[in-house]
Amino acid sequence: MGIVVENVSKQFGSFKAVDEVSLEVESGSLVALLGPSGSGKSTLLRLIAGLEIPDSGRILLTDKDATYQSVQARNIGFVFQHYALFKHMSVRQNIAFGLEIRKTPKTKIKQRVEELLDLVQLRGLGNRYPSQLSGGQRQRVALARALAVEPEVLLLDEPFGALDAKVRKDLRAWLRRLHDEVHVTTVFVTHDQEEAMEVSDQVVVMNKGRVEQVGTPAEIYDHPATAFVMSFIGPVNVLPSSSQIFQSNGFDSAHSEIFLRPQDVIVETIANGSTVSATVSRLIHLGWEVQAELTLDDGQMVIAHLTRERFDELKLEPQQRVYVKPKDAKSFPLYYSI
């Protein structure tokens, strides 16, 4: 096992940042810690790195107790959101820094740096300084520097948070390909659901210092364990169980709120026995799909996502009367607001 976290807690004053968290990360896997601000994901990452010491519990790295080990003794590579590159050093010097600190022979340093320049696709830019690079290139230098010392674990704290949307998307795909080449046990923190779903093998959803669910991206999305997970991962309609859209379909729930994904709202232009009427309040074209804001006769607002093909078939217009029903809906014992 690459990383084992056992009943770890960390408190800052009266604020409990991490609350009895247990987690296992398989060796060689790529795992995302996902959650809103204040959920404890960055604190948990810092605890694994040794930048914070837990109040209770223990942390094992490659089957060795590392709870009270120094950062240097853990053989971890850490990449920060804002790169933390040395401005006065060239790309080559930045990548070589950790190896020089360890007094690695110069011939080996040179060979390792050139290998990493190829790996992170920066061949030919080794003599440049950070100020001469784009944000995406600087982040790749930071990753190369972290990998130079051949860490057993690689930790990334919001690695793409400072970049614009297009660069973020490109680097996500690049990080996945890089991980498939180097197979270093990797944990990265993000609040971006799409980023976590696209890049990781496993997603750890955190909320208020606790782990809500651990699973593959498909498991997290298709089979959410709690109301929080369902509401945080992807768009969702949250409706009272008394809403007519559920009553007309015989959806019986003992809980007050029911969750319905926009793609699970079926829209028709002709009524049948299981549909309820609604009015098209607004249509938003999102490229490959269309978002329809629908107002039910009981005043409830429902969002539906339609493929362009389905939208063209229905020929929807604002203020048009339509008929809707749920394809799938879920209820949970307790709803945690984000």
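Computed from a predicted structure; not experimentally measured.

## Structural notes on the pairing of strand β2 (residues 15-25)
Link 1 in the chain: Alignment of strand β1 (residues 3-12) against β2, held across seven bridges, turns out to be antiparallel. Note that in β2 the partner of V4 across the bridge is E24.
Link 2 in the chain: Between β1 and the antiparallel strand that follows it, β2, lie two residues; G13 among them carries a positive phi value of about 65°.

## Here's the deal with the pattern of salt bridges
Link 1 in the chain: Scanning the entire structure with this criterion turns up 26 salt bridges.
Link 2 in the chain: The residue D19 makes a salt bridge to K16 at a minimum N-O spacing of 3.6 Å.
Link 3 in the chain: Owing to a relative accessible area of 15%, D19 belongs among the buried residues under this scheme.
Link 4 in the chain: A relative accessible area of 35% places K16 in the partly exposed class.
Link 5 in the chain: Between E198 and R172 there is a salt bridge, with the nearest N and O atoms lying 3.1 Å from each other. With a gap of 26 residues between them, E198 in helix α6 (residues 193-199) and R172 in helix α5 (residues 165-182) connect regions that are remote in the sequence.
Link 6 in the chain: Judged by relative accessible area, which is 33%, E198 ranks as partly exposed.

## Re the packing of aromatic side chains
Link 1 in the chain: Per the stated rule, a full pass over the model turns up four aromatic pairs.
Link 2 in the chain: Pairing F86 with F97 gives two aromatic rings, centres 4.7 Å apart and planes at 50°, and the pair type is tilted. Here F97 lies in helix α2 (residues 91-101) and F86 lies in the loop between β6 (76-79) and α2, a separation of eleven residues in the sequence.
Link 3 in the chain: Take F86: its relative accessible area is 27%, and that puts it in the partly exposed class.
Link 4 in the chain: With centroids separated by 5.4 Å and ring planes inclined at 10°, the aromatic side chains of F228 and F232 adopt a geometry described as stacked. Of this pair, F228 and F232 both sit in helix α8 (residues 227-232), separated by four residues, roughly a single helical turn. There is no split in this pair, since F228 and F232 are both buried.
Link 5 in the chain: One Lys or Arg, R140, reaches over the ring of W174 and ends 5.9 Å from the middle of that ring.
Link 6 in the chain: Between the NZ or CZ atom of R261 and the centre of the ring of Y221, over which it lies, the distance is 4.3 Å.

## Description of the sheet that holds strand β5 (residues 64-65)
Link 1 in the chain: Spatial ordering of the open sheet is given by β2-β1-β4-β5, a layout of four strands whose pairing is antiparallel. The two strands at the open ends of the sheet, each matched to only one other strand, are β2 and β5.
Link 2 in the chain: Across two bridges, strand β4 (residues 56-61) lies against β5 in antiparallel orientation. Its bridge partner lying in β5, L61 is registered against K64.

Cut-off values and rules
- Residues numbered from 1 in each chain as written.
- Predicted model: local features only at pLDDT ≥ 70, side-chain atom pairs only at ≥ 80, totals over all residues.
- Heavy atoms only, no water.
- Pairing = 2+ DSSP bridges.
- Helix = DSSP H or I, 4+ residues; strand = E, 2+ residues; numbered from the N terminus.
- Salt bridge = Lys/Arg side-chain N within 4 Å of Asp/Glu carboxyl O.
- Buried < 20%, exposed > 50% of the residue type's maximum accessible area, 1.4 Å probe, protein only.
- Phe/Tyr/Trp six-rings, centres within 6.5 Å; stacked < 30°, edge-to-face > 60°.
- Lys NZ or Arg CZ within 6 Å of the ring centre and 35° of its normal.

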